[in-house]
Amino acid sequence: MTSTEQAVQQTDVQPWYRQGWPWFLISIPFTSIILSFAMLYLALQTNNSLVVGDYYKQGKAINQRIERDRIAMLLGMHAILEQAPDGLVLQLDQEPIDAVPDELLVDARIARDSFQWPDSLQVRWVHVTQSDRDFSALFQAFGRGRYVTQDALLPGDGVWRIHIQAAGESSWRLVSQRLPFPASANIDMMPMDAARFTKIRQPQ
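Residues numbered from 1 in each chain as written. Predicted model: local features only at pLDDT ≥ 70, side-chain atom pairs only at ≥ 80, totals over all residues. Heavy atoms only, no water.

Enquirer: Got a minute to help me understand the overall build of the chain in this structure?
Expert: Secondary structure assignment for the chain yields 4 helices and 9 strands. Starting at the N terminus and ending at the C terminus, the chain contains elements arranged as α-α-α-β-β-α-β-β-β-β-β-β-β. Within the chain, the proportion of its 204 residues that are buried is 31%. If you take every contact in the chain between residues at least 6 apart in sequence, the share linking residues at least 24 apart comes to 60%. If you sum the accessible surface of the chain, you get close to 14,000 Å²; carbon and sulfur atoms cover 56% of it. (Helix = DSSP H or I, 4+ residues; strand = E, 2+ residues; numbered from the N terminus. Buried < 20%, exposed > 50% of the residue type's maximum accessible area, 1.4 Å probe, protein only. Contact = heavy atoms within 4.5 Å. Areas by Shrake-Rupley, 256 points an atom, 1.4 Å probe, with all protein chains shown as cover.)

Right, dumping it as structure tokens:
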């Protein structure tokens, strides 16, 4: 082989770090290492509140919440939340009993006969994905069905559910649909769909 041919061959062969395939092969384990550290960070930093230790107690609590939602439907609870200059105003009303399905009419009459307007309401704002942003406020009665608070304002950006119930032990709970905020000044919360409760009877 002549010196000219050797020179041409040396010119055609590039060093490995200028080749594409070695870097492609190196990137595969390197990417896996980065993703592993990212998963480790998320595991250490995120909230594990969804992990439940006692499934029996959690199941009983879920059944109690379902029953309270059902009572709110039987009572025909309907709320309007308004932003006031110095706080929030909540108007709580009852829909006519005619809106209750025939299958639940007897239960609705029993629930309404024993219902009394509470002196105060516990209102919770529950963020749909970030539990650390949840907060609550106590509303005091200010006339029939009208409640006010100066301890809270409407939440900022995000999607929330609003839970309303009588302060202390409450037999009912009104839960709103998912509400995107910032919202308008008036937030209308209708009773939950009665169709999901038609097959659930009042415990004997």
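Now that the structure has been shown, we can carry on.
Enquirer: For this particular structure, what's the right way to read the pattern of salt bridges?
Expert: It is possible for side chains of opposite charge to pair when their charged atoms get near one another. Taken as a whole, this structure holds 3 salt bridges when the rule is applied. As a salt-bridge pair, arginine 70 and aspartate 107 come within 2.8 Å of each other at their nearest N and O atoms. Highlighted residues: arginine 70 in helix α3 (residues 55-75) and aspartate 107 in helix α4 (residues 105-113), separated in sequence by 37 residues. According to the relative accessible area criterion, arginine 70 is buried, its value standing at 0%. Look at aspartate 107 and you get buried, because its relative accessible area is 10%. (Salt bridge = Lys/Arg side-chain N within 4 Å of Asp/Glu carboxyl O.)

Enquirer: For this particular structure, what's the right way to read α4?
Expert: Because each turn of an α-helix spans 3.6 residues, side chains separated by three or four positions end up pointing in the same direction. Looking at α4, one finds that the buried residues are Asp107, Ala108, Ala111 and Arg112. End-on view of α4: buried residues confined to an arc of 130 degrees, all on one side of the axis. Exposed side chains of α4 directed beyond 90 degrees from the buried face belong to Val106, Ile110 and Asp113. (Arc of directions from axis to C-beta.)

Enquirer: What is the right way to look at the environment of phenylalanine 181 in this model?
Expert: Relative to the helices and strands, phenylalanine 181 resides in strand β8 (residues 179-181). Spatially, the C-alpha atoms of phenylalanine 181 and proline 155 are 6.7 Å apart, while their sequence positions differ by 26 residues. Once you skip the residues sitting within four places of it in the chain, phenylalanine 181 turns out to touch Leu154, Pro155, Gly156, Asp157, Gly158, Trp160, Ile162 and Ile187.

Enquirer: Sorry if this is basic, but what is going on with the confidence of the model for the chain here?
Expert: Regions with low pLDDT should not have their predicted coordinates read in detail. On average, residues of the chain score 80 in pLDDT, and 78% of them are at 70 or above. Segment residues 198-204: pLDDT under 50, and 15 contacts once partners within four positions in sequence are set aside and those in other chains are kept. (pLDDT = per-residue confidence, 0-100.)

Enquirer: What exactly am I supposed to notice about the pairing of strand β2 (residues 87-94) here?
Expert: It is a general feature of regular strands that their side chains alternate between the two faces of the sheet. Counted residue by residue, β2 has 6 buried out of 8 residues, so it is predominantly covered. Two strands pair when backbone bridges link them, and strand β1 (residues 77-84) and β2 are joined in this way by 8 bridges, in the antiparallel orientation. Across the sheet, residue methionine 77 finds its bridge partner in β2, namely glutamine 94. Looking at chain direction, β2 and strand β5 (residues 146-149) are connected through 4 bridges and run antiparallel. Looking at β5, one finds that valine 89 is bridged to valine 148. (Pairing = 2+ DSSP bridges.)

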